[in-house]
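Coordinate analysis (summary)
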Amino acid sequence: MFRIICLAIGYVFGNLLTACIITRKNIGKTPFEVGSGNPGMANVMSVCGFKAGIEVLTGDILKTVGAYLLCRFVLFPEIDVALKTLWAGLGVVMGHNFPVWHRFKGGKGVATTCAVLVLSHPLYGCISLIVGMLVTLATGYLAVGAVVIPVVFIYPAYLLGSFEGMCIAVALSILMFCAHGKGLYGIVKHTEETVDIIGLIRKKWSRKSS
């Protein structure tokens, strides 16, 4: 029963798309109406600026933390921390990617997935994030790096002694594959553009310096 409750609570939290709040505040539109149409940090940042993008990222992390805190300390303090965190986190990602109020069309769940992994196991979660970032820098493809993050976490989840946790990590990986299917298909067809992360950071830094 705790699994169903954690999943449901996570889903409710996930339905809160921070990007919708931020874009409405800045330009009076939803993220679905501008840019790439994705309610995520990258799209909001490209349309509304760097600060707005960081606000979206912060909000997506906080809603994951909110579901985690409610399940861990209020409802099920006696249940294994990693397990209830993963169930609640899976719900958050599902709610973010498939919000019921927007006909189940939402974001890609990168920030929420990363938050789930770090909250469930800080060490292996951070390692997964670092590997994903390195892959992104090496390939220039955001979709590849995003998919790598939960995949890297699968084996550590198994090592921690939880087959159930490993299955949730697999589910998170499948969700990430589905969310980035278009981008991955574009990479195979050589139609997906690469992103020079280092170049963008240098450009941003040079603007601040000047």
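Before going into details, it helps to say that this report is about the structure given with it. (Residues numbered from 1 in each chain as written. Predicted model: local features only at pLDDT ≥ 70, side-chain atom pairs only at ≥ 80, totals over all residues. Heavy atoms only, no water.)

So, the packing of aromatic side chains
Applying the stated rule across the entire model yields 3 aromatic pairs. Pairing phenylalanine 2 with phenylalanine 76 gives two aromatic rings, centres 5.9 Å apart and planes at 65 degrees, and the pair type is edge-to-face. With a gap of 74 residues between them, phenylalanine 2 in helix α1 (residues 2-14) and phenylalanine 76 in the loop between α4 (50-75) and α5 (81-97) connect regions that are remote in the sequence. With a relative accessible area of 12%, phenylalanine 2 lands in the buried category. Judged by its relative accessible area of 12%, phenylalanine 76 is buried. (Phe/Tyr/Trp six-rings, centres within 6.5 Å; stacked < 30°, edge-to-face > 60°. Helix = DSSP H or I, 4+ residues; strand = E, 2+ residues; numbered from the N terminus. Buried < 20%, exposed > 50% of the residue type's maximum accessible area, 1.4 Å probe, protein only.)

Re the nonpolar core
What tends to happen in soluble globular proteins is that the nonpolar side chains get buried as a cluster. Formed by 25 residues in total, the largest nonpolar core has its most connected members in Phe2, Cys6, Trp87, Leu90, Phe153, Ile168 and Leu172. Within the residue set of this core, elements represented by two or more residues are α1, α4, α5, α6 (110-120), α8 (142-159) and α9 (163-179). Of all the elements, α5 adds the most residues to this core, at 7 residues. Apart from the residues within four sequence positions on either side, tryptophan 87 is in contact with Phe2, Arg3, Cys6, Leu7, Glu164 and Ile168. (Core = buried A, V, L, I, M, F, W, Y, C linked by side-chain atoms within 4.5 Å. Contact = heavy atoms within 4.5 Å.)

A closer look at the packing of α6 against α8
One can describe the packing of α6 onto α8 by two numbers: an axis separation of 10 Å at closest approach and a directional angle of 25 degrees. Regarding the angle of α6 to α8, the classification is roughly parallel. Between α6 and α8 lies a crossing whose hand is left-handed. Residues Val110, Thr113, Cys114, Leu117 and Ser120 of α6 lie in contact with α8, whose contacting residues are Ala146, Ile149, Pro150 and Phe153. (Axes fitted to C-alpha atoms, helices over the stretch in contact; angles between N-to-C directions. Parallel < 35°, antiparallel > 145°, perpendicular 65-115°, else oblique. Left-handed = near helix turned anticlockwise from the far one by under 90°.)

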